[in-house]
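# Notes for the structure review
Letter by letter, the chains look like this.
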Amino acid sequence: MAKKTKTKKTKATTKTKKNNDKTEQKNSKPLNIRIKEIVNNEKYRFLFGLIVLFFAAYSAISFISFLFTWQIDQSKFDLSFFEYFSSDVKVENWMGKLGAIISKTFIYKWFGLSAMGIIYILSLFGLRFIKIKVKSYKKSITYTIIGIIWLSITLSFLFGDALFYLGGAFGYLFTQWLTGIMGKFGTGFFILISALTFIYLTVENSFEWSKDFFKNIISTKNIKTAFSETTQKIKNNIKKDNEFKFEKLNDDDDYKNNEKDEKLNEDDKPERQLVFDLDTNQPLRTVNKNNFILDGKNKKEEDLGFEINNTNDVAEENVEINVNKESESLDDKLNNRHSLEVQKNEDILSEQMEQMEDFDPTLELSTFKLPPIDLLEDHKANNAEVTNEELLANKNKIVETLANYKIQITKIKATIGPTITLYEIIPAPGVRISKIRNLEDDIALSLAALGIRIIAPMPGRGTIGIEVPNQNPAIVSMKSVISSANFQNTKFDLPVVIGKNISNESYVFDLTKMPHLLVAGATGQGKSVGLNAILTSLLYKKHPSQLKFVLIDPKKVELTLYERIEKHYLAKLPDSEEAIITENQKVVLTLNSLNVEMDNRYRMLKKAKVRNIKEYNAKFIARKLNPEKGHGYLPYIVLVIDEFADLIMTAGKEVELPIARIAQLARAIGIHLIVATQRPSTNIITGVIKANFPARIAFKVASMIDSRTILDSPGANHLIGRGDMLISHGSDLVRVQCAFVDTPELEQITEFIGEQRGYSSAFDLPEPELEMEDGGPGAVDLAKRDKLFEDAARIIVMNQQGSTSMIQRKLAIGYNRAGRIMDQLEATGIVGGSQGSKAREVFYQDELSLEQLFKSLDEIHG
């Protein structure tokens, strides 16, 4: 026993020693480190800044009061600091005795009226501490200090003893000392020369202006005329400088709006949880995060059988959405350019350009306002909540179905989402996961559900998930996801919010990290709404100077609403009349044009010695690249194709190869693809396409084969439609309910943007390079046309059917010769490209236009 008590005592003493050592280590920090920690603490800095600003305001009022009360309080100037606070001493200063002491010290004993500059310095310090940016902070303080000293000396020299307080004791004593050395005239000359020197060193072109002034005096022999001529020249120079000045409106790269803030506040409701005991089948209500009530007694979470998390009741935190930035007048900012002085064979600008303010890409459309949140509608009014009865019924059926196959579970938990409810179960020890996975159809039968999906196991959770559709699925409005904190606070380069996940959180991703997106699903399952959600979220975040869209719509009706924003956000071929591309021929030209744009951008990146568009734009904004050498700000380009299957069927390799090339190479230079199709078969989504589209979105499809074609895994065939989708990026597979944006909402957004001032035209893409090299594989030499070329063309136009076998039969020639003639017909534009087993499209309707083509070919090729 004695040994045990000794060991306990020794343990206790060692513990106390350790605790003492820790406290000594904390207290033994050097004083300078402790002071540095306090200074770097943001809370202390803000508090100190407020104190400094208060002291500056207090001093300003006391200084002003001194100008009116100094003669009354003059009798107390000889009192010491502590004598001032005697009850017998009375002062007239508006800020009391402390104000009288401060104003007497700074004005009377130090710098006189120029002490007002000290208030300006204190204000700069205070603003700096509370993190309010001040332009030319160090210069302002330096120039103010010099001005305080110079003005104090000058006022004392001019007024002397008569008005002693104007220059203060410092100015008076310094002037007396300077007069004793240099005399009255020398002191005045010294003050004048020091002022001129300061102006010459700080004000640009001031030396040239003074030289012009003296030259004008000599030439005109009239001081008044010389002064007016010099003044006019200064005004002209200032006006000229303003014409060539870049103005930076904001410090951030992202365009921000700054009018009256709009707030969308939703009441945060507590998380609703239900737990079911598998033995008693009684629902248990939550008291707090870990404790639940059962018959008036608390029961711990680990003892319970079933838990329900209702994420629908948890409203996402909404943030302030800034709209309608108040900016300077349009006339002052339009058409601003800056002349660049560059050396030969150099892309890096001179030091003079580097010292200028950063380039602002939003300057040309400085008055542009991002769409306000009020243009979107809230569709939550019609949403019905999932009832406890529905949850209990589904839980009982799942447990009963598993029990029929002798599968026991220890715990079941439900998480309610907008469209589905996720039931997570923990099977009893010894139960195989594959056994539960094979019961997918049996569980769907017992629940009478549209389709369930079993996730076995749930990644990172140690449970098996069973996703069951809600009887009354909720509508996720675009307004709710746009106003969410996840989207508003994101720092992504191209942020896209597409809907809400099972936890009822807005799902936000960066398109630049994807970097391309394949969207597939059956007809009417939400692909077009998904594309509109992607485009809407980008329109709510990016300025027209930072983003351009290339929209391809073979169906001709899905993307027509975006024609209104042609001069703001759209890009097209220079000779194209319509910004929305609907004809297959123009699609091929546009894709080849994007390939040219990609190559041009890579050449610019090579010259700038950077690796991606983000580094390039940062270098250009900092004015380290020369626009006269071909450099310029590069906006992101997003190519959207609404129906890819139609393009593959009509154009085939002509479309697939340029798309594959863009998908392989265009990530670094800011060109991103969003391709949608309703036919997810292997001849449409080929291996080349899939290899370059790691990010994929699958809406509901008809079969498991289609799901595997899109996602390389089953699951999309079990979705319930109406915007229910699976997002695959790498190994992650996330179920999301797509946000709903209706046509009237899109009309309001595009109309709001279209009514604002835009660029003179849409963003011009470069001319495509379509001509093949002579002698290259597949090259067609129209100068060596077949003798039967014209006869074959007439047959094709007469029958309106472009078929190689028909040429072979009608002209009685071999298949190879007929194939060469067909290639020549395609090269001249008489017929379209190959469509597999189908006949080629014929572009000429009558022989008259055909004869005109023959004449032009003879003139060109002979």
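As a starting point, this report considers the structure included with it. The model shown is predicted, which means the values in this text are computed figures rather than measured ones. (Residues numbered from 1 in each chain as written. Predicted model: local features only at pLDDT ≥ 70, side-chain atom pairs only at ≥ 80, totals over all residues. Heavy atoms only, no water.)

## Considering the overall build of the protein
The helix and strand inventory of the protein stands at 28 helices and 20 strands. Per-residue burial over the protein gives 46% buried out of 862 residues. Across the protein, contacts joining residues at least 24 apart in sequence account for 68% of those joining residues at least 6 apart. (Helix = DSSP H or I, 4+ residues; strand = E, 2+ residues; numbered from the N terminus. Buried < 20%, exposed > 50% of the residue type's maximum accessible area, 1.4 Å probe, protein only. Contact = heavy atoms within 4.5 Å.)

## Re unusual backbone geometry
Of the consecutive residues A456 and P457, the connecting peptide bond is found in the cis state with omega at -5 degrees. Inspection of the secondary structure assignment puts P457 in the loop between β8 (453-455) and β9 (464-469). Residue M514 is joined to P515 through a cis peptide bond whose omega torsion reads -10 degrees. Within the element layout of this structure, P515 appears in the loop between β11 (506-510) and β12 (517-520). Here the phi dihedral of K406 falls at roughly 60 degrees; this positive angle occurs in a residue that is not glycine. Its place among the elements puts K406 in the loop between α11 (388-404) and β6 (409-416).

## What to know about the sheet that holds strand β17 (residues 695-698)
The pairing of strands in a sheet comes from backbone hydrogen bonds and takes either a parallel or an antiparallel form. Across the sheet, nine strands lie side by side as β11-β10-β19-β18-β17-β12-β16-β15-β13; this open sheet has mixed pairing. Lying at the two open borders of the sheet, with one neighbouring strand each, are β11 and β13 (547-552). With direction set aside, neighbouring strand axes in the sheet form an average angle of 25 degrees. With four bridges connecting them, β12 and strand β16 (residues 671-677) associate as parallel partners. Each bridged residue has a counterpart across the sheet, and for L517 the counterpart in β16 is I674. Strands in contact with helix α16 (residues 527-539) are β10 (495-501), β12, β13, β15 (636-641), β16 and β19 (732-738); relative to β10, the strand with the most contacts, it is inclined by about 130 degrees. (Pairing = 2+ DSSP bridges. Axes fitted to C-alpha atoms, helices over the stretch in contact; angles between N-to-C directions.)

## Concerning the packing of α16 against helix α24 (residues 743-754)
At a minimum axis distance of 12 Å, the contact between α16 and α24 shows a crossing angle of 35 degrees. Both α16 and α24 take part in a crossing whose hand is left-handed. Residues N532, T536 and L539 of α16 lie in contact with α24, whose contacting residues are L746, I749 and I753. (Left-handed = near helix turned anticlockwise from the far one by under 90°.)

## Quick notes on empty space enclosed by the protein
The tally for this structure, following the rule as stated, stands at three cavities of 30 Å³ or more. In terms of lining, the largest cavity is formed by P418, T419, I420, K500, N501, I502, D724, R735, V736 and Q737. Breaking the lining of the largest cavity down by element, the ones donating at least two residues are β10 and β19. The greatest single-element share of the lining of the largest cavity, amounting to three residues, is contributed by β19. For the lining of the largest cavity, a count of residues per class yields four nonpolar, three polar and three charged. (1 Å grid on protein atoms, 1.4 Å probe; cavity = no way out; pocket = protein on both sides within 12 Å on 5 of 7 lines; lining within 4 Å. Points joined across faces, edges and corners; volume = space filled by probe spheres on them. Nonpolar A, V, L, I, M, F, W, Y, C, P; charged D, E, K, R; others polar.)

## Thoughts on a nonpolar patch on the surface
A cluster of nonpolar residues, F185, F189, L192, I193, L196, I199 and Y200, forms a patch on the protein surface that exposes about 690 Å² of accessible area. Position of I193 relative to the elements: it lies in helix α7 (residues 164-202). (Patch = residues over 30% accessible without salt bridge, like charges linked within 9 Å, V, L, I, M, F, W, Y side chains within 5 Å. Areas by Shrake-Rupley, 256 points an atom, 1.4 Å probe, with all protein chains shown as cover. Salt bridge = Lys/Arg side-chain N within 4 Å of Asp/Glu carboxyl O.)

## Some points on the nonpolar core
One recurring pattern in soluble globular proteins is that nonpolar side chains are buried together. Within the largest apolar cluster, 109 residues are counted, with the highest numbers of intra-cluster contacts made by I498 and F549. Per-element tally for this core: the top contributor is helix α18 (residues 584-608), with eight residues. Those residues in contact with I498 that lie beyond four places of it in its chain are Y507, F509, G530, I534, I697, M725, I727, V736, Q737, C738 and A739. In terms of nonpolar packing, the next biggest core, distinct from the first, is built from 23 residues, L782, I813, Y844 and L850 among them. (Core = buried A, V, L, I, M, F, W, Y, C linked by side-chain atoms within 4.5 Å.)

## Side note on the packing of aromatic side chains
Going through the model one piece at a time under the given rule, you end up with 13 aromatic pairs. Joined through ring pairs, the aromatic side chains of F63, F106, W110, F111, F170, F174 and W177 make up one cluster. Over the ring of F157 we find K184; its NZ or CZ atom is 5.3 Å from the centre of that ring. We note K541 situated over the ring of F487; from NZ or CZ to the ring centre the distance is 5.4 Å. (Phe/Tyr/Trp six-rings, centres within 6.5 Å; stacked < 30°, edge-to-face > 60°. Lys NZ or Arg CZ within 6 Å of the ring centre and 35° of its normal.)

## What to know about α24
Counted at 1.5 Å a residue, the expected span for α24 with its 12 residues is 16 Å, and the 16 Å between its end C-alpha atoms agrees. Looking at α24, one finds that the buried residues are E745, L746, I749, T750 and I753. Taken down its axis, α24 places every buried residue within 125 degrees of arc, on the same side. Those residues of α24 that are buried are in contact with α16 and α17 (566-569). (Expected span 1.5 Å × (residues − 1). Arc of directions from axis to C-beta.)

## Here's the deal with the pattern of salt bridges
Counted under the stated rule, the structure contains 20 salt bridges. Between R696 and D712 there is a salt bridge, with the nearest N and O atoms lying 3.0 Å from each other. Linking R696 in strand β17 with D712 in the loop between α23 (704-711) and β18 (724-729), this pair joins segments that are 16 residues apart in sequence. Given a relative accessible area of 8%, R696 falls into the buried group. One network of salt bridges, in which partners are shared, links R453, E467, D724 and R735.

## Observations regarding a negative patch on the surface
Negative charge collects at one region of the surface, where E563, E577, E578 and E583 lie side by side. The residue E578 is located in the loop between β14 (571-572) and α18 in this model. (Lys, Arg positive; Asp, Glu negative; His and termini not counted. Charge placed at Lys NZ, Arg CZ, Asp CG, Glu CD.)

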